[in-house]
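So you can see what is in the structure, the chains are spelled out below.
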Amino acid sequence: MKKTVLITGGSGFIGSRLALRLLEAGHEVRVLDALIPQIHGDDPESSPLYQSIQGKVDFHRGCITDRFLLAHCLQGVDAVVHLAAETGTGQSMYEIQRYVDVNVGGTGILLDLLANTQHQVRKLVVASSRAIYGEGKYLCATHGVVYPEQRTAEDMEQSLFSPRCPVCGAFVEVEATDESTPAKPSSIYGITKLNQEQMVLTVGRALGISSLALRYQNVFGPGQSLSNPYTGILSIFSTRIRNGKSINIFEDGRESRDFVFVDDVVAATILGVEHEPWVNDVFNVGSGAPTDVNAIVRMLQAAFGKEVPIAVSGQFRLGDIRHNFADLGKIERVLGFVPRVGIEQGISRFVDWVKEQPGGKDAYEESLRELAEKGLFKGNAS
């Protein structure tokens, strides 16, 4: 059934791609986006992400916290995909008010409008994050399935990077994290994402609006910002390899993530938008497989055909998790989602795109200095 879909944050990395796919599927798309420089650069209207949707969607420039503009954008809308958010685990630990104002406050305004104004919204999809889990699900040889607390600086300073059993203190082995895993976010960003999904599901249930919170894992692919040091290691490392700069691998390089290609994330989100039975639930969106940082660096260097100096430094950021990868059983069962793009294929496609992009600012070392100044980065940030 054809829908009119509002995408908040719809000119971003995921949002712009989602807008184009929804159009291809026959839906009408409206976009609200602030075009912030951290994502779009100093001349946002020349951003390739924005230009990819320009003239194709009903575009409104402004912040999710602009109540009047948001109310206008909600008129005549059947479904909302709420992507607008400040993103960056490390940055959130010192840009606290900004993250809370936009992520929690903006979501609050959206839900307040749905509760108190006339509208026709019947579907609400919010982008949550694997960051809400913290360390996630592990297996202790003695106590079975456990959910570790945040790792301590004291352990990591001794290169003891694995999480510990919260019962006996023994080191534990990672398991796939399912949606029943208790939420233990270890950053302000993760806390705001948990707040977002709880608010959306609570209000959606009360108002009878079908609501889904999609817990995206580490999303990557063409269109990802190469100058924003808070968008993830694939962009950071790609920029450094391309510029012939050395790479500093934190901890021992064996920390792993679930890297999911952007096209798979978009496909899962569209399944959420088009899902007709009423639902009020959370779903993991990922590849379902862990890949460690050492392997990522090897794959990137192979894809670029270029090697740079590598240092496995043992340095670490407070609030980082050790491992996390998604159990996808629930989203496959309910929405029929199965990821299609493997990590090697995804990296190949990502690097092919990177090679075509103009050189940009490498702000990575500057971001580490900021973290070090706040006491969140342990080691020499230069």
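Before reading further, recall that the structure is shown in the block above.
Notes on the structure in this doc start here.

What counts as what
Every chain is numbered independently, its residues counted from 1 as its sequence is written. Whole-chain, interface and lining totals are the exception, using all residues; otherwise, since this is a predicted model, local features are given only for residues with pLDDT of at least 70 and side-chain atom pairs are given and counted only at 80 or more. Remark: hydrogens and water are excluded; side-chain values derive from all non-hydrogen atoms of the structure. In this description a helix means any DSSP run of H or I spanning at least four residues, a strand means any run of E spanning at least two, and both kinds are numbered starting from the N terminus. Note on method: radius of gyration uses C-alpha positions; expected globular size equals 2.2 Å times residues raised to 0.38. Per-residue accessibility, obtained with a 1.4 Å probe over protein chains only, is compared with the maximum for each type, and a residue is labelled buried under 20%, exposed over 50%, and partly exposed between these values. Contacts between residues were defined by any pair of non-hydrogen atoms, one from each residue, lying within 4.5 Å. Take the number of residues in a helix, subtract one, and multiply by 1.5 Å to get its expected span. Starting at the helix axis, one direction is taken to each C-beta atom, and the arc is that of these directions. Paired rings are identified among Phe, Tyr and Trp, the last through its six-membered ring, by centres lying within 6.5 Å, and are further divided according to the angle between planes into stacked (under 30 degrees), edge-to-face (over 60) and tilted (the rest). A positively charged side chain is recorded as over a ring if its NZ (Lys) or CZ (Arg) lies within 6 Å of the ring centre. The angle to the ring normal must also be within 35 degrees. Two strands are counted as paired when DSSP detects at least two bridges linking them. Here the term right-handed applies to a crossover when the path leading from its first strand over the helix to its second strand runs clockwise, the strands being oriented away from the viewer.

Regarding the overall build of the protein chain
Counting its secondary structure elements, the protein chain contains 13 helices and 18 strands. Radius of gyration (C-alpha) of the protein chain: 20 Å, near the 21 Å computed for a compact globule of 382 residues. For the protein chain, the spread of C-alpha atoms along the three principal axes comes to 60 × 50 × 40 Å. Within the protein chain, the proportion of its 382 residues that are buried is 55%. Within the protein chain, residue pairs in contact and separated by at least 24 positions form 82% of the contacts whose partners lie at least 6 positions apart.

Side note on helix α12 (residues 343–355)
Across its 13 residues, α12 extends 18 Å between first and last C-alpha, which sits within 8% of the 18 Å expected from 1.5 Å per residue. If you check which residues of α12 are buried, you get G346, I347, F350, V351, W353 and V354. Along the axis of α12, the buried positions cluster into a sector of 160°, meaning they face one direction only.

Remarks on the environment of F59
Mapped onto the elements of the fold, F59 is located in strand β3 (residues 58–61). When the C-alpha atoms of F59 and V31 are compared, they prove to be 4.8 Å apart, with 28 residues separating the residues in sequence. In this structure F59 touches S11, V31, D33, L35, Y50 and I53, once residues within four positions along its chain are discounted.

As for the packing of aromatic side chains
Scanning the entire structure with this criterion turns up five aromatic pairs. Among the aromatic residues, those joined into a ring-pair cluster are F220, F261, F350 and W353. Over the aromatic face of F283 sits the side chain of K330, whose NZ or CZ is 5.3 Å from the ring centroid.

Structural notes on the pairing of strand β1 (residues 4–8)
Most of β1 sits out of view: five of its five residues are buried. Burial along β1 is two-sided: T4, L6 and T8 facing one way and V5 and I7 facing the other are all buried. Judged from the five bridges that link them, β1 and strand β2 (residues 28–33) form a sheet pairing that is parallel. When the bridges of β2 are listed, L6 appears paired with R30. For the handedness criterion, the β-α-β arrangement of β1, helix α1 (residues 13–24) and β2 is classed as right-handed. Note that β1 and strand β4 (residues 79–82) share four bridges and pair parallel.

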